[in-house]
Amino acid sequence: MAILFYIAAALAIVAGLSVILHRTPVYSALSLIVVLGALAVIYLLLGAPFIAMIQVIVYAGAIMVLFVMVIMLLNAHREQPIDRSRFAHYLGGPVLIALLVEILFAVWRQFPVSSTPPAVGLEGDPASIGHLLFRTYVLPFEVTSILILVAMLGAVILAKKQP
Amino acid sequence: MDTASSLGFFVMVTIIKVVVVMLVLLTVIAYLTWLERKVVAHIQSRWGPYLTGPHGLLQPVADGLKFLFKEDIVPLEVDRLIYWLAPFLAFTLACLSIAVIPFGAHYQFHGHELFQLTDLNVGLLFVFAVTSLGVYSIALAGWSSNSKYPLLGGLRSSAQMISYEISLSLAVIGVLMISGTLSLRGIVEQQAWLWESGGLGILPHWNLFLQPVGFICYFTAAVAETNRVPFDLPEGETELVGGFHTEYSSFKFALFFLSEYANMITVSCLATLLFFGGWLGPVFGPGWLRLLLPVLWFFLKVFCFLFFYIWMRGTLPRFRYDQLMAFGWKFLLPLALLNILVTGLIMTWVG
């Protein structure tokens, strides 16, 4: 189990770096799919097979397909480095490192290395997740879905041809 | 038995099971191509393959050898890595979903399920996850070939597969509501008894009779999802030369070809399990026959679906592209949604 976790985690990190560093958009998109797949493996190891499968179906199988399709339609072959702003050039690195240190610090304080992993009060099966989504958190869940619907309507209106 | 040797035993049994299942799957795929050529030929009043072996039975072997020894032509301007990756991805994903398909009754052999590679409690979702990834192989093959016909074929197929995947998933929700489990073995075992009244005690309790609309939605979407006639727009020989695999030759083309048949087998297996009671059927006789008869029933039911696929190919013309999209979004999707609504209402009333 631990070996599988380290393989999946390493794969996720390497593929994640490849998303940023690759110059060809299709390769970046494919790397992102690998990241999502590796995360699904980690969910499986955590005992949440339902979340893992949904992760693959929704993110890797639906959303990323749209990304890949758009890239194919634009036939974007190679990214040309444009003139970046000098501000971003000098501040980007330090800000990134600061953010990373901050997150690591927070995680360390929350879960010291010696402590056993916290007991999860949640089964990973579909029934309990459905219970959470449609009973406990039904209002935020529905509000989110309406938000997405509104965004979709907005996109349709904006893209519509003027009469 | 200590842990190490039981782990070794587990690995050994699993490997044997995987090898046997793969061999059976590949043989079935090979002879499915033969069956398709024969059946379509007879529909069109021809003989089909006849010269290699009795009734052309060795034709798949000859075809396989031909594919292996043909020159592998790689066009100059392709994207090498993705061009190579796409066919292998297609074939791997097509064969992967067979891992959760149960093809015989529950039987433990030294603590191992004999007629199923692994029983996931989210087996159905696993099949859908693998199917949803299958789009990439076609889209990437079309893109990486760097040629206009494959690109058009790839784009068409991704649009088509995304559209029909939604109907495919929604169509089975009715079945899931009735059975209350995502495990494929569990769904079949729900159908294990006969109708008490009205069916004269012989009509099996298949989900087909509870979910006729769901079944029609499922099967229509499944045909589109596997890119078969009348929804074979991604290939569309008359418009796109050969669609996404125009620039592929030799063994890589064979992999695409085989994965299409593997996908047909997968969706036929799923239709059998979800709507036609899987391996259930009359079982009698001595112990070994009781064990093997369910497997026979399962294979027979799947065979009927595969025959139906071929029959349709011999009968129906191809849709136009806008008709295909309109049918998927404006008819099939609302129908599947309505089916869920009606199923829910009836379940609430009946209790």
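Everything discussed here concerns the structure shown above.
Here is a short report on the structure shown in this document. (Residues numbered from 1 in each chain as written. Chains lettered and ligands numbered in written order. Predicted model: local features only at pLDDT ≥ 70, side-chain atom pairs only at ≥ 80, totals over all residues.)

**Re the overall build of chain B**
Next up, step 1: Across its full length, chain B holds 13 helices and 2 strands.
Next up, step 2: Against the globule reference of 20 Å for 351 residues, chain B gives a C-alpha radius of gyration of 21 Å, in line with a compact fold.
Next up, step 3: Its C-alpha atoms put chain B at 65 × 55 × 45 Å along the principal axes.
Next up, step 4: A burial count over chain B gives 42% of its 351 residues as buried.
Next up, step 5: The contacts of chain B with a sequence gap of at least 6 include a subset with a gap of at least 24, amounting to 76%. (Helix = DSSP H or I, 4+ residues; strand = E, 2+ residues; numbered from the N terminus. Rg over C-alpha atoms; globule rule 2.2 N^0.38 Å. Buried ≥ 20, exposed ≤ 12 C-beta atoms within 10 Å, placed from the backbone. Contact = placed C-beta atoms within 7 Å.)

**Here's the deal with the interface of chain B and chain A**
Next up, step 1: Counting residues at the interface gives 20 residues for chain B and 15 residues for chain A.
Next up, step 2: Here the residues of the side of chain B that touches chain A sort into 16 nonpolar, 4 polar and no charged. (Nonpolar A, V, L, I, M, F, W, Y, C, P; charged D, E, K, R; others polar.)

**Points about the nonpolar core**
Next up, step 1: Core analysis: the biggest nonpolar cluster contains 107 residues, and Met53(A), Val68(A), Leu125(B), Phe126(B), Ala129(B), Tyr218(B) and Ala221(B) have the highest contact counts within it.
Next up, step 2: The element best represented in this core is helix 4 (residues 123-144) of chain B, accounting for 15 residues.
Next up, step 3: Once residues lying within four places of it in the same chain are set aside, the contact partners of Val68(A) are Val26(A), Ala29(A), Tyr136(B) and Ala139(B). (Core = buried A, V, L, I, M, F, W, Y, C linked by C-beta atoms within 7 Å.)

**Concerning unusual backbone geometry**
Only a minority of non-glycine residues have a phi that is not negative, and only a minority of peptide bonds are not trans.
Residues and elements named next belong to chain B.
Next up, step 1: The phi torsion at His 55 lies on the positive side, around 55°, for a residue other than glycine.
Next up, step 2: Of note, His 55 is situated in the loop between helix 1 (3-43) and helix 2 (59-69).
Next up, step 3: Phi is positive for Asn 227, which is not a glycine, with a value near 60°.
Next up, step 4: Looking at the secondary structure, you find Asn 227 in the loop between helix 9 (212-225) and helix 10 (237-240).

**Considering the packing of helix 3 (residues 49-74) of chain A against helix 4 of chain B**
Next up, step 1: It is at 8 Å that the axes of helix 3 of chain A and helix 4 of chain B come closest, and there the two elements cross at 15°. Relative to helix 4 of chain B, helix 3 of chain A is oriented roughly parallel. Where helix 3 of chain A crosses over helix 4 of chain B, the two elements pack in a sense that is left-handed. Taking contact as the criterion, the partners of Met53(A), Val56(A), Ile57(A), Ala60(A), Gly61(A), Ala62(A), Val65(A), Val68(A), Met69(A) and Met72(A) in helix 3 of chain A are, on helix 4 of chain B, Leu125(B), Phe126(B), Phe128(B), Ala129(B), Ser132(B), Leu133(B), Val135(B), Tyr136(B), Ala139(B) and Trp143(B).
Next up, step 2: Tallied by class, the residues present in the contact of helix 3 of chain A with helix 4 of chain B amount to 18 nonpolar, 2 polar and no charged. (Axes fitted to C-alpha atoms, helices over the stretch in contact; angles between N-to-C directions. Parallel < 35°, antiparallel > 145°, perpendicular 65-115°, else oblique. Left-handed = near helix turned anticlockwise from the far one by under 90°.)

**What to know about the environment of Trp47(B)**
Residue and element names in this part refer to chain B.
Next up, step 1: As for its position among the elements, Trp 47 is in the loop between helix 1 and helix 2.
Next up, step 2: Since 11 C-beta atoms lie within 10 Å of it, Trp 47 is described here as exposed.
Next up, step 3: Along the backbone, Trp 47 and Arg 37 are 10 residues apart, and their C-alpha atoms lie at a distance of 9.2 Å.

**What to know about the packing of helix 1 (residues 2-21) of chain A against helix 2 (residues 25-45) of chain A**
Residues and elements named next belong to chain A.
Next up, step 1: In contact at an axis separation of 8 Å, helix 1 and helix 2 are set at 160° when each is read in the N-to-C sense. Taken together, the axes of helix 1 and helix 2 are roughly antiparallel relative to one another. Every pair of crossing elements has a handedness; the one defined by helix 1 and helix 2 is left-handed. For the pair helix 1 and helix 2, the contacting residues are Leu 4, Phe 5, Ala 8, Ala 9, Leu 11, Ala 12, Ala 15, Gly 16, Ser 18 and Val 19 in the first and Ser 28, Ser 31, Leu 32, Val 34, Val 35, Ala 38, Leu 39, Val 41, Ile 42 and Leu 45 in the second.

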